[in-house]
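One letter stands for each residue in the lines below.
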Amino acid sequence: QVELVESGGDFVQAGGSLRLSCAASVNIFSINDMNWYRQAPGKQRELVATATRAENTYYSVSVKGRFTISRDNAKNTVYLQMNNLKPEDTGRYYCSTYYQWQRYWGQGTQVTVSS
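If you're wondering where the values come from, they're calculated on a predicted model, not measured in any experiment.

K.L.:
So what exactly am I meant to see when it comes to the side chain of Asp89 here?
P.N.:
Tracing the sequence through the fold places Asp89 in the loop between strand E8 (77-82) and strand E9 (91-99). Relative accessible area serves as the criterion here: at 1%, Asp89 is assigned to the buried category. Side-chain polar atoms of Asp89 contact the backbone nitrogen of Lys86, separated by 2.7 Å. The contacts of Asp89, once residues within four sequence positions are left out, are Arg38, Val63, Arg66, Phe67, Asn84, Val111 and Val113.

Here it is in structure tokens:
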């Protein structure tokens, strides 16, 4: 069983920055992929960024160059640094991982970007 708790969401103006955090209840050192997803109203949930155990990263086209994912294995925490935010980045951001053959999700944190 894995509990993921996100924090850091807020209301911000376009061009601003936020850093999201995801605290895991287990040691993430052995977990391969740690993911950030987001879901905008009326849209499907989409993968935003992935950080692997091998320190590789993946970003969706829409956020590449603006967002940075990182993981602190010692703190069992994954971060998403979001810069130059745009109104289309508005949505609920979820931390997720696949652990012992099961997908886990956090409760999400809301990000709202005004124009």
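K.L.:
It is not clear to me how the pattern of salt bridges should be interpreted in this structure. Could you clarify?
P.N.:
In a structure, side chains of opposite charge can pair up when their charged atoms sit close to one another. For the structure shown, the criterion picks out three salt bridges. Measuring nitrogen to oxygen at the nearest pair gives 2.7 Å for the salt bridge that ties Arg38 to Glu46. Overall, Arg38 belongs to the buried group, its relative accessible area being 6%. Among the ionic pairs, Arg66 bridges to Asp89, the shortest N-O distance being 2.8 Å. Residue Arg66 is located in the loop between strand E6 (57-59) and strand E7 (67-72), and its partner Asp89 is located in the loop between E8 and E9; the two are separated by 23 residues in the primary sequence. The buried category is assigned to Arg66, whose relative accessible area is 9%.

Basis of the calculations
Here, residues in each chain are numbered from 1, in the same order as that chain's written sequence. Given that this is a predicted model, residues contribute local features only at a pLDDT of at least 70 and side-chain atom pairs are listed and counted only at 80 or more, while totals for whole chains, interfaces and linings are drawn from all residues. The basis for the side-chain values is all heavy atoms of the structure; hydrogens and waters are excluded. Helix numbers and strand numbers start at the N terminus; a helix is a DSSP run of H or I with at least 4 residues, a strand a run of E with at least 2. Accessibility here uses a 1.4 Å probe with only protein chains present; expressed as a share of the type maximum, an area under 20% marks a residue as buried, one over 50% as exposed, and anything in between as partly exposed. Under the rule applied, a polar contact is a pair of N or O atoms within 3.5 Å (in protein, one hydrogen donor and one hydrogen acceptor; residues adjacent in sequence only if both atoms are side-chain atoms). Two residues form a contact once any of their heavy atoms are found within 4.5 Å. Each reported salt bridge corresponds to a side-chain nitrogen of Lys or Arg within 4 Å of a carboxyl oxygen of Asp or Glu.

Structural measurements only, silent on function.
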